[in-house]
Amino acid sequence: MSDPTDVPPQWGAVRLFNDEIEAVVLTQKGADIYSLVDRRSGVDVLFKAPWGARTPSGVNPLATTSERWLDAYPGGWQVLLPNGGDECVQYGVTWGFHGEAAMIPWTVLARNETSLTLATDLVTAPLKVRREITLEGSVLRVAETVTNVSPQSVEVMWSHHPAFGAPFIDETCVISAGCRTLVADAETPGTVLEAGSTHSWPVAHDPRGDLVDFAKVPSRERPRSVLAYLTEFDSGYFAITNPTLGLGVGVRWPLEVFDKAWLWQEMNSLKDWPWFQRAYVMAIEPASTVPGHGMSQARALGQHGIEFSAGASKDVLIEVVLFEGTGEVAGIDPGGVVRWATT
């Protein structure tokens, strides 16, 4: 079971639950989904930061925005808006690392045992954000609306950052995704990919020419780090199946808004801050924009964000299903229906 008392009380933890799954949402800290538990097995599929869920230390009030973001990071699932990755200056203001939305309080508009509706207004971009999080059977849904409340158009980065960790993630896991291409980050690709290289998903070549199968997860004893991007999606989904546990998680999203996904793996690799080889985590992050180095760099490289004209709104529905099974997934259909690959 999830325990909302495990997190700082000022973060406003709210527990949602039904007979099959439960989640804890941090209403006063970004509307983060801190935990997502399969009640049949008791397994929480989401990553937890090695320092735990705690009040940010504040030991260095002059820290960079990335240091402040990670100081407040408990793991789990965040919405990144209006920026993703490195801080930058846009529209006359600094957009911090991974944006503002995951760092600020949200207002609870309605709640019951299985649903929670929240909203917030950003300061660094003229955006109002509304989220309705609901549980139905083994499916968690996030219905999110972003509205530009200004009389001018704005362009932003918008993505979701669900990170998965042990005990759900281990070396037996199988990853499926609806993409055709894997592109390594050009600046910080990690330890197994050549910077900026392009590969057919899921098999890539490392700089020595050896094959790397990204459908498989490395063990804790084989450290690896990766920052790459999944592109050319035929279907907006990914799934991670752990055959040892007989448990999987599938995520489905609209390609009209998120036509790419960031792939982040930090498998006990980084020896320095913030992980000091203490993180065994991976995330596949539906995103509007690549690369993950801030809006300024994306623009400089000819990439684009999401354009909101004056007064315009955009809606997304993300569905997450926890399922029983051991095989490879071929897709996630509406309603969180899992399609299994045939052998």
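Residues numbered from 1 in each chain as written. Predicted model: local features only at pLDDT ≥ 70, side-chain atom pairs only at ≥ 80, totals over all residues. Heavy atoms only, no water.

*Asks:* Go over the overall build of the protein chain, please, and point to the residues and values.
*Replies:* Of regular secondary structure, the protein chain possesses 2 helices and 27 strands. The principal-axis extents of the C-alpha atoms in the protein chain amount to approximately 55 × 50 × 40 Å. Taken over 343 residues, the protein chain has a buried fraction of 58%. The contacts of the protein chain with a sequence gap of at least 6 include a subset with a gap of at least 24, amounting to 62%. With the model as given, the accessible surface of the protein chain reaches about 13700 Å², and the carbon-plus-sulfur share is 51%. (Helix = DSSP H or I, 4+ residues; strand = E, 2+ residues; numbered from the N terminus. Buried < 20%, exposed > 50% of the residue type's maximum accessible area, 1.4 Å probe, protein only. Contact = heavy atoms within 4.5 Å. Areas by Shrake-Rupley, 256 points an atom, 1.4 Å probe, with all protein chains shown as cover.)

*Asks:* So what's going on with empty space enclosed by the protein? Residues and values would help.
*Replies:* A complete count under the given rule lists 1 cavity of 30 Å³ or more for this structure. Size it by volume and the largest cavity reaches roughly 60 Å³. Together, L36, L46, W77, H160, P162, F164, V251, P286, I318 and V320 line the largest cavity. Secondary structure elements with two or more residues in the lining of the largest cavity: β13 (159-165) and β25 (313-324). It is β13 that contributes the most residues to the lining of the largest cavity, 3 residues altogether. (1 Å grid on protein atoms, 1.4 Å probe; cavity = no way out; pocket = protein on both sides within 12 Å on 5 of 7 lines; lining within 4 Å. Points joined across faces, edges and corners; volume = space filled by probe spheres on them.)

*Asks:* Report on the pairing of strand β9 (residues 115-121), specifying residues and quantitative values.
*Replies:* Counting buried residues along β9, 6 of its 7 residues qualify, which places the element largely inside the surrounding structure. In this structure, strand β8 (residues 107-111) lies alongside β9, joined through 4 bridges in antiparallel fashion. Residue pairing in the sheet places A110 in a bridge with T117 of β9. Here β8 folds back onto β9 in antiparallel fashion, the turn holding 3 residues. By the bridge criterion, 7 bridges tie β9 to strand β10 (residues 127-136) in an arrangement that is antiparallel. Among the inter-strand pairings, A119 is bridged to a residue of β10, identified as R130. The hairpin formed by β9 and β10 contains 5 residues between the paired strands. (Pairing = 2+ DSSP bridges.)

*Asks:* For the sheet that holds strand β20 (residues 237-242), give the residues involved together with the corresponding values.
*Replies:* Spatially, β8-β9-β10-β11-β25-β21-β20-β14 is the arrangement adopted by the 8 strands of the open sheet, whose pairing is antiparallel. For this open sheet the edge positions go to β8 and β14 (174-177), each flanked by a neighbour on one side alone. Pairs of neighbouring strands in the sheet enclose a mean axial angle of 15°, with direction left out of account. (Axes fitted to C-alpha atoms, helices over the stretch in contact; angles between N-to-C directions.)

*Asks:* Outline the nonpolar core, supporting the account with residue identities and numerical values.
*Replies:* One finds L140, W158, F214 and L230 to be the most contacted residues of the largest nonpolar core, which totals 95 residues. In terms of residue count, strand β23 (residues 280-287) provides more of this core than any other element does, 6 residues in total. Excluding its chain neighbours within four sequence positions, the residues that come into contact with F214 are I175, L182, V192, L193, W201, P202, A204, R224, V226, L263 and Q265. The next biggest cluster of nonpolar side chains, apart from the first, holds 8 residues, and it includes Y237, V321, F323 and V338. (Core = buried A, V, L, I, M, F, W, Y, C linked by side-chain atoms within 4.5 Å.)

*Asks:* Got a sec to walk through unusual backbone geometry? Specific residues and values, please.
*Replies:* With an omega of 10°, the peptide bond running from A166 to P167 counts as cis. Looking along the chain, the bond that leaves V290 and enters P291 is cis, with omega of 0°. Summarising the element assignment, P291 is placed in the loop between β23 and α2 (295-300). The phi angle at N268 is positive, at roughly 55°, despite the residue not being glycine. In this fold, N268 is placed in the loop between β22 (260-267) and β23.

*Asks:* Provide a residue-level description of the layout of surface pockets, including the pertinent values.
*Replies:* Over the atoms a probe the size of a water molecule is rolled, and this reveals where empty space is left. Of the volumes computed, that of the largest pocket is approximately 720 Å³. Lining the largest pocket we find 29 residues, and of these F97, T188, L227, W264 and W275 sit closest to its centre. Secondary-structure elements contributing two or more residues to the lining of the largest pocket are α1 (65-71), β19 (224-231) and β22. Across the lining of the largest pocket, the residue classes break down as 13 nonpolar, 11 polar and 5 charged. (Nonpolar A, V, L, I, M, F, W, Y, C, P; charged D, E, K, R; others polar.)

*Asks:* Tell me about the side chain of D206, and please be specific about residues and values.
*Replies:* Residue position: D206 is located in the loop between β17 (203-205) and β18 (211-213). Separated by 2.9 Å, the side chain of D206 and the backbone nitrogen of R208 make a polar contact. Apart from the residues within four sequence positions on either side, D206 is in contact with V192 and V212. (Polar contact = N/O pair within 3.5 Å; in protein donor to acceptor, adjacent residues only side chain to side chain.)

*Asks:* Could you give an account of the pattern of salt bridges, naming the residues involved and the relevant values?
*Replies:* This model, assessed by the stated rule, comprises 19 salt bridges. D44 is paired through a salt bridge with K48; the nearest N and O atoms lie 2.7 Å apart. With a relative accessible area of 17%, D44 lands in the buried category. For K48, a relative accessible area of 26% translates into the label partly exposed. For the salt bridge of K260 with D259, the shortest nitrogen-to-oxygen distance reads 2.8 Å. (Salt bridge = Lys/Arg side-chain N within 4 Å of Asp/Glu carboxyl O.)

*Asks:* Explain the packing of aromatic side chains to me, using residue names and the numbers behind them.
*Replies:* With the rule as written, the count across this model stands at 14 aromatic pairs. Here the aromatic rings of W69 and Y73 are separated by 5.2 Å at their centres, their planes lie at 20°, and the arrangement is stacked. Neither W69 nor Y73 differs from the other in exposure class; each is buried. Considering the side-chain rings of W158 and F308, the 6.2 Å spacing of their centres and the 40° angle between planes classify their relative orientation as tilted. One end of the pair, W158, is in the loop between β12 (154-156) and β13; the other, F308, is in strand β24 (residues 306-308), with 150 residues separating them in the sequence. No difference in accessibility class separates W158 from F308, as the two residues are buried. (Phe/Tyr/Trp six-rings, centres within 6.5 Å; stacked < 30°, edge-to-face > 60°.)

Interpretation note: all reported values are geometric properties and have no functional meaning in isolation.
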